[in-house]
Structures are given as C-alpha cells and as structure tokens.
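Analysis of the macromolecular model
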Amino acid sequence: TALGRVRDEFSHFEYRDTREDLLRFLVKTCDPQRESRKLLNHAETLLFEYNDPKDYVFLRDLMTTQAQRDQLIKQVQSKCNPETVTDILSAEERWDDLLAYARRHTREHSFPRMIRRLRDHFPEACFDLYRKVVTNLLESGTGQSLYNSIASHARQMRDIPGQEEAFGQFMAEVIDTY
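In short, a report on the structure. None of these values were measured; they are calculated from a predicted model. (Residues numbered from 1 in each chain as written. Predicted model: local features only at pLDDT ≥ 70, side-chain atom pairs only at ≥ 80, totals over all residues. Heavy atoms only, no water.)

Attention shifts here to the overall build of the chain. Looking only at helices and strands, one finds 11 helices and zero strands in the chain. When the helices and strands of the chain are read in sequence order from the N terminus, they spell out α-α-α-α-α-α-α-α-α-α-α. With the C-alpha coordinates aligned to their principal axes, the bounding extent of the chain is approximately 65 × 55 × 25 Å. Residue burial in the chain is summarised as follows: out of 178 residues, 36% are buried. Within the chain, residue pairs in contact and separated by at least 24 positions form 47% of the contacts whose partners lie at least 6 positions apart. Of the roughly 11,300 Å² of accessible surface on the chain, 50% is carried by carbon and sulfur atoms. Both charge centroids of the chain, one from 26 positive and one from 30 negative side chains, sit 4 Å from each other. (Helix = DSSP H or I, 4+ residues; strand = E, 2+ residues; numbered from the N terminus. Buried < 20%, exposed > 50% of the residue type's maximum accessible area, 1.4 Å probe, protein only. Contact = heavy atoms within 4.5 Å. Areas by Shrake-Rupley, 256 points an atom, 1.4 Å probe, with all protein chains shown as cover. Lys, Arg positive; Asp, Glu negative; His and termini not counted. Charge placed at Lys NZ, Arg CZ, Asp CG, Glu CD.)

Okay, structure coming up:
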C-alpha cells in the first residue's frame, strides 16, 4: 500500500547515516589550497569509519610524499576492517604487506580472501599458512562446525597453484594423525 511505502521510506531515512553524507559533502566543497588540513581530516574520517577503498584512493592522492603514503598504508592496516585492508593492499600491489597482514589475521573471516589474492605471488607461504591454520583447528577439538571449517580451508589449500603434491601429502598426514 502507499502508506506502507511511505513508512518504509521514512524508516530508511531515519536510520541513514547523515554524518557520512555531511563528510562527503564537506570533502567535495573544501578548497584544497586554503583548507587542506580540514580536507585531510574529513577524508581520513571517511576512510577509517566507513571503510570504502575509494576513500583511500582519494586520501592517497592528497598525500604529497612517499613517506606520507607509507604512513597511510600503516594506518589502513591498523584502523580498517580486514576486507578493506585486503582490497587496498591488493590494489596497491603491496603483496609483502598483505602476506604479513594475513599472517597476523588467520582467524579473520576474510582470511581465505586474503590467500586467494596472495596465492599466485606466494604459493608456498600461503600453503604453509593454511597448514598452520588447519593443524591448529584439528588440535583444538571436535564438532561439526569445526570440521566444516577445516574442510573449507582444505578446499582453499587445494586450489593454491603448484602445491598439489604438498596438499596430497598433508591430507595423508591429516588422515593418519587425526
């Protein structure tokens, strides 16, 4: 009904994040020459609160030195969610940084996505990471959800290029040991 549509639109409007809209407006209207500090602050807030890789590109392009860009990459790794970090480091082709990040975040839901991005660049390292993850899961207990998680990781391991033989050996070890 028409009343239902109005109610739905109203409730959508009520919960909409007006702060994000305001920040996006301010970023578009700030004069980069006279208000560069404000512009940087607003752009940083957008990136670190809303985790949109497009905001990273905008902010990166405001940086004038490589040292500033390197510092921004460090901030992204500490302040953004793992999905955004993965997207940004991949787009920047910072494969070593992404591998180091993946090593520190093996329990994240986005870990398999990180490995998919890395496996063509570091197949052995990715396989070793998965081996550790699967071994830790196997040693942590039993249960259907645990086995489902192990199976999911094993499927990802199987798809790492050039690791077919190592995968077969690891699966044989898993069957023998567990």
